[in-house]
Structures are given as C-alpha cells and as structure tokens.
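# Residue-level structural notes
Below, each chain spelled out in residue letters.
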Amino acid sequence: RIEGLVLIGLVTTMTVVVFLQVVCRYFLVQPLHWSEELARYLFVWIALLGAALGVHRHAHFGMDFFFRMLSERWRRFLRLLIYGLMELVVVVLLVQGTGLVRKTAEQLSPAMEIPMGWAYACLPVGAALMGFHLLVIILHEIGAKPAMP
C-alpha cells in the first residue's frame, strides 16, 4: 500500500534528521536550527497517516468484552453505529482541518520558513484517508450477509 510506503519514508526521514541533529549538536557543536521543527511536523504527519492506516487494517484497540456477549444482529448494528460515529468525527476533522490550512497558508514556520499550511495539511489528508477507509468498511458491513446461528 502507498500509505505504508509513505509512512516508512516519513519515519526514515525523521530518524535521519534527528540523528543528524544529535551529531551536529554534540560532536560538531553546530546545531541544525531547522531539525527540531521538521521532526515535529513529520511526527504529526506520521501520527495522522498512521491512524488512517490503522483504520484500514482494523488495528485500533477496542473493548469487546460486552460486544462478544451480543447476538450477531446486535453486533452488526453496533459496528455500523460505531463506524458511523467515527465517520462523523472524521468529517468534522476534515472540514476544520481544511479551514485551518486555508487560514495558515500565508503564515511561515519559524525555523524553516515554509507555509504553515503544509504542516497543518496532515489534518485534512489524514481525515480524508480515514473517511475513505471507513466508508469502504461501512459499505462492506452493509453488504455482508449475516452469519447463520
């Protein structure tokens, strides 16, 4: 998957940047003024893209003790309700994140002097990916045949 490859690239880049910062600061006594800012932005991108990949892989944790006690019909209803509520939260994140990107498009970051819109773009991008994955999951759940008792 493309998301996984992008995440690998982002984690690798963040690791290299932080390693270079340590080498430059402690061995060359010449710190990189932009590395902490870049690592921070990469970390947030990693978190939101990782959340989207977690939705796709059903990798987020959940408490299913009571869920397993329900009949298949009620489990299916509860799954659809949960996915629907998740989709609602993701839509709010998408709308608000898009607004934030627009508001900060002209503002420059302190150290790297890049538009802050690029840093905040992880919100609508991550939300759009999560929303897409949730929609696929919901459609699959709706189309799935109920299990026979």
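All figures in this text were calculated on a predicted structure; none of them were measured in a lab.

## Side note on the overall build of the chain
Broken down by element type, the chain carries five helices and zero strands. Along the chain, helices and strands appear, N-terminal first, in the series α-α-α-α-α. Within the chain, contacts between residues separated by at least 24 positions form 70% of all contacts whose residues are at least 6 apart in sequence. When the accessible surface of the chain is summed, it comes to about 10500 Å², and 73% of that surface belongs to carbon and sulfur atoms. Treating the 12 positive side-chain charges of the chain as one cloud and the 9 negative ones as another, the clouds have centres 11 Å apart.

## Examining the layout of surface pockets
Its volume calculated, the largest pocket comes out at about 480 Å³. Only α2 (35-56) and α3 (72-104) provide two or more residues apiece to the lining of the largest pocket. Of the residues forming the lining of the largest pocket, the biggest block, five residues, is contributed by α3. Per-class residue counts for the lining of the largest pocket are 10 nonpolar, four polar and two charged.

## Quick notes on unusual backbone geometry
Phi is positive for His 58, which is not a glycine, with a value near 55°. Among the structural elements, His 58 can be located in the loop between α2 and α3. Its identity as a non-glycine residue notwithstanding, Glu 113 has a phi of 55°, on the positive side. If you trace the backbone, Glu 113 turns up in the loop between α3 and α4 (116-120).

## A look at the side chain of Glu 141
Considering the arrangement of structural elements, one finds Glu 141 in helix α5 (residues 122-143). Once residues lying within four places of it in the same chain are set aside, the contact partners of Glu 141 are Arg 76, Arg 79 and Leu 80.

## A look at the environment of Glu 36
By the secondary structure assignment, Glu 36 is in helix α2. Separated by 17 residues in sequence, Glu 36 and Leu 53 place their C-alpha atoms 25 Å apart. Among all residues touching Glu 36, those that are not within four sequence positions of it are Gln 21 and Arg 25.

## Remarks on α5
Taking 1.5 Å per residue as the helical rise, α5 with its 22 residues ought to reach 32 Å, and the 31 Å between its terminal C-alpha atoms agrees with that figure. Buried within α5 we find Cys 122, Pro 124, Gly 126, Ala 127, Met 130, Gly 131, His 133, Leu 134, Ile 137, Ile 138 and Glu 141. Elements in contact with the buried residues of α5: α1 (2-26), α2, α3 and α4.

## As for the nonpolar core
Leu 10, Trp 45 and Met 130 are the most contacted members of the largest nonpolar core, which totals 22 residues. At the level of elements, α1, α2, α3 and α5 are the ones that each hand at least two residues to this core. Considering each element in turn, this core owes the most residues, 10 residues, to α2. In contact with Trp 45, not counting residues within four places along its chain, are Leu 10, Trp 118, Ala 119, Ala 121, Cys 122 and Val 125.

## As for the packing of aromatic side chains
Tallying each qualifying case throughout the model produces two aromatic pairs. Geometrically, the ring pair formed by Phe 65 and Phe 66 is edge-to-face, given 5.1 Å between the ring centres and 75° between the ring planes. Phe 66 shares its class with Phe 65; the two are exposed. Centre to centre, the rings of Trp 74 and Phe 77 are 5.7 Å apart; their planes meet at 85°, and the pair counts as edge-to-face. Of the two residues, Trp 74 and Phe 77 both sit in helix α3, three residues apart, roughly one turn of that helix. Using a relative accessible area of 52% as the deciding quantity, one classes Trp 74 as exposed.

Conventions we followed
- Sequence positions are assigned chain by chain, starting from 1 and proceeding in written order.
- Note on the predicted model: pLDDT of at least 70 is required for a residue's local features to be given, and 80 or more for side-chain atom pairs to be given and counted; whole-chain, interface and lining totals, by contrast, use all residues.
- Here the side-chain values reflect all heavy atoms present in the structure, with hydrogen atoms and water set aside.
- Secondary structure elements follow DSSP: runs of H or I of four or more residues count as helices, runs of E of two or more count as strands, with numbering from the N terminus.
- Residue contacts are counted whenever heavy atoms from the two residues lie within 4.5 Å of one another.
- With residues, only the protein chains shown are counted as cover, and all accessible areas are computed by Shrake-Rupley using a 1.4 Å probe.
- In this charge count, Lys and Arg are treated as positive and Asp and Glu as negative; neither His nor the chain ends contribute.
- All charge positions are set by atom: Lys at NZ, Arg at CZ, Asp at CG, Glu at CD.
- Site definitions follow a grid-based scheme: protein atoms alone, a 1 Å grid, a 1.4 Å probe that fits but cannot get out for cavities, and for pockets an open set with protein on both sides within 12 Å along at least five of seven lines, plus lining residues having an atom within 4 Å of a point.
- Grid points are joined across faces, edges and corners, and a volume is the space filled by probe spheres set on the points.
- Note on residue classes: Ala, Val, Leu, Ile, Met, Phe, Trp, Tyr, Cys and Pro are nonpolar, Asp, Glu, Lys and Arg are charged, and everything else, Gly too, is polar.
- A helix's residues, less one, multiplied by 1.5 Å, set its expected span.
- Think of it in three bands: with a 1.4 Å probe and only protein chains considered, a residue is buried below 20% of the maximum accessible area for its type, exposed above 50%, and partly exposed in between.
- Working definition of a nonpolar core: buried Ala, Val, Leu, Ile, Met, Phe, Trp, Tyr and Cys residues. They are joined through side-chain atoms within 4.5 Å.
- Pairing of aromatic side chains here covers Phe, Tyr and the six-membered ring of Trp, requires ring centres within 6.5 Å, and sorts the geometry by plane angle: under 30 degrees stacked, over 60 edge-to-face, intermediate tilted.

Worth remembering: the numbers are spatial, not functional.
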